[in-house]
Amino acid sequence: MLELNGPTLPRRSRRAAVLLATGAAVTAALLGVSSVQANAVPTTAAATTATATAGKTAARAAAAPDISVANVKAHLNQLQSIANANGGNRAHGRSGYKASIDYAKGKLDAAGFTTSVQQFTSNGSTGYNLIADWPGGDADHVIFAGAHLDSVSRGAGINDNGSGSAGILEVALTVAKEGYKPGKHLRFAWWGAEELGLVGSQNYVRQLPAAERSKIDAYLNFDMIGSPNPGYFVYDDDPQLEGVFKDYFATKNIATEIETEGDGRSDHAPFKNAGVRVGGLFSGADYTKTADQAAKWGGTAGQPFDRCYHASCDTTANINDTALDNNSDAIAHAVWTLSSGSTTPPTGKVFESKSQVDIPDAGAAVESSITVGGVQGNAPGALKATVDIRHTYRGDLVVDLVGPSGKAYRLKNSSSNDSAADVTETYTVNASAETANGTWKLRVQDVAAQDSGHIASWKLTF
């Protein structure tokens, strides 16, 4: 990750600060919600080529495979050996960086990926991006995971950013080992010259035609995921992508925080600036861990998350195995979850509410209910919740699906970066622990003032 004096994106506005401050009150406010019982209209969607294969893919996505931390560490050991054999670093323009590219490419080629190496020039030296595409999936809908592979010249760069590079490499190799057949196309990238100003990723985005950029449904960035005194930080640039990671960590009883230390300082920035939705994970650099953070995550308060950030001591001894393991598994969860969905309209038994429910401005949450009946067993691992919410500022909305058990599944968080109107989207929810039959609720709350809107309709597709 870049030093603090690198290029940055604008910090959050005052409006965003209000949202963050009110966010802590959301849970308490939800205890006193108002509820409207809607008329449920069960229908059966017309059969399409949604195929048994799509169903199997969705089921697999509900339980992404465990990523072997031993394998991730084996990649880190290789990167350390490369640095040791090449002047102690893997920096842009140095032999250690090219050897790192060759190592990753060799692994991916052997696993069946289609790889390409993009060259660029920076500071008078040739740089390289490695791009790897997994065959198959809808090429018009791309899920893209990336990490920068270069180190600074002062050291081997094992946490920054061997950790993210090794994490996505092992996830990619696991895709191949599992013979995964995603609904969407999978692409992975290892960027060059990030430490010189995001040069490699900027070069890639700049050369990518607009039509190809529009096919990227999400870009996920992983820059430092094994910090020795770790935190668990989630990018908040896109509410849906943020929710995928936060929901995963919640199942592991791991608290998360919004990532702010690296805003605009890593390779997601060029994608975000080009209008691509971005998300990612980060375990902390040279900011100091607070007492509150140490209380929930362990580690040492008053010390940096990574005391060897951009230093010669950033070696394989500078890695927290637990953070590396948790974050690698979270990457796999996101890749499987986001890529599994069919890009054709959901099919199956549909239950719909068309009753309008007004959403109070900066008020209590409201609920619209659907009663589901005649469905055997539990809900699917890829339950489709399609919502049509008309609202003047969607960034203020928190949206949950509440199952018959009372458990809430977060569909959308509030975010100052989400400044458009209306929420008209289909979300995929792993609700396999819920009995299908019973009362399901769409819960919506407006957490800030000066807006108006209502729930127009919503439906569940089993």
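Residues numbered from 1 in each chain as written. Predicted model: local features only at pLDDT ≥ 70, side-chain atom pairs only at ≥ 80, totals over all residues. Heavy atoms only, no water.

(A) Main features of helix H4 (residues 95–111). Across its 17 residues, H4 extends 25 Å between first and last C-alpha, which sits within 8% of the 24 Å expected from 1.5 Å per residue. Buried within H4 are the following residues: Gly96, Tyr97, Ser100, Ile101, Tyr103, Ala104 and Leu108. One face of H4 carries all of its buried residues, which in axial projection span an arc of 160°. Its buried side turned inward, H4 meets helix H3 (69–84), strand E3 (114–122), strand E4 (125–134), helix H5 (158–178) and strand E6 (184–191). (Helix = DSSP H or I, 4+ residues; strand = E, 2+ residues; numbered from the N terminus. Expected span 1.5 Å × (residues − 1). Buried < 20%, exposed > 50% of the residue type's maximum accessible area, 1.4 Å probe, protein only. Arc of directions from axis to C-beta. Contact = heavy atoms within 4.5 Å.)

(B) The packing of aromatic side chains, seen in detail. On inspection of all chains with the given rule, the structure shows 22 aromatic pairs. For the pair Phe233 and Trp297, a centre-to-centre distance of 5.2 Å together with 75° between the ring planes defines the contact as edge-to-face. With Phe233 in strand E8 (residues 233–234) and Trp297 in helix H10 (residues 291–297), this residue pair connects regions lying 64 residues apart in the sequence. For the residue pair Phe233 and Trp297, the accessibility class agrees, reading buried in each case. An aromatic cluster is built from Tyr232, Phe233, Tyr248, Phe249, Phe282, Trp297 and Phe305, whose rings are joined through pairwise contacts. Here the basic side chain of Lys98 rests over the ring of Tyr128, its NZ or CZ set 5.5 Å away from the ring centre. Directly above the ring of Phe144 sits Arg187, whose terminal nitrogen or CZ lies 5.6 Å from the centroid. (Phe/Tyr/Trp six-rings, centres within 6.5 Å; stacked < 30°, edge-to-face > 60°. Lys NZ or Arg CZ within 6 Å of the ring centre and 35° of its normal.)

(C) Broad picture of unusual backbone geometry. Cis rather than trans, the peptide bond between Asp160 and Asn161 has omega equal to 0°. Looking at where Asn161 falls in the secondary structure, it is placed in helix H5. Look at Ala193: it is not a glycine, yet its phi comes out positive at around 55°. Take Ala193: it is sitting in the loop between E6 and helix H6 (199–207). Positive phi, close to 75°, is recorded for Met224, a residue that is not glycine. As for its position among the elements, Met224 is in the loop between strand E7 (216–222) and E8.

(D) Region of the structure containing the nonpolar core. Judged by nonpolar contacts, the single largest core of 66 residues is most densely connected at Leu108, Phe188, Trp190 and Phe222. Sequence-distant contacts of Trp190, that is, excluding residues within four places in its chain, are made with Tyr97, Ile101, Leu108, Tyr128, Asn129, Leu130, Ala132, Ala147, Leu149, Ser165, Ile168 and Leu169. Counting 29 residues, the second largest nonpolar core, distinct from the first, contains Ile359, Leu383, Ala436 and Trp440. (Core = buried A, V, L, I, M, F, W, Y, C linked by side-chain atoms within 4.5 Å.)

(E) Spatial organisation of the environment of Tyr128. In this structure, Tyr128 sits in strand E4. Judged by relative accessible area, which is 16%, Tyr128 ranks as buried. Residue contacts for Tyr128: discarding those within four places in its chain leaves Tyr97, Lys98, Ile101, Val117, Gln118, Gln119, Phe120, Trp190, Trp191 and Gly192.

(F) Geometry of the packing of helix H8 (residues 239–251) against helix H11 (residues 321–340). Close contact between H8 and H11 brings their axes to 10 Å; oriented N to C, the two are set at 130°. The pairing of H8 with H11 is recorded here as oblique in orientation. Between H8 and H11 the crossing geometry is right-handed. Listed contacts from H11 to Leu241, Val244, Phe245, Tyr248 and Phe249 of H8 are Asn326, Asn327, Asp329, Ala330, His333, Ala334 and Leu338. A class-by-class count of the residues in the contact of H8 with H11 yields 8 nonpolar, 3 polar and 1 charged. (Axes fitted to C-alpha atoms, helices over the stretch in contact; angles between N-to-C directions. Parallel < 35°, antiparallel > 145°, perpendicular 65-115°, else oblique. Left-handed = near helix turned anticlockwise from the far one by under 90°. Nonpolar A, V, L, I, M, F, W, Y, C, P; charged D, E, K, R; others polar.)

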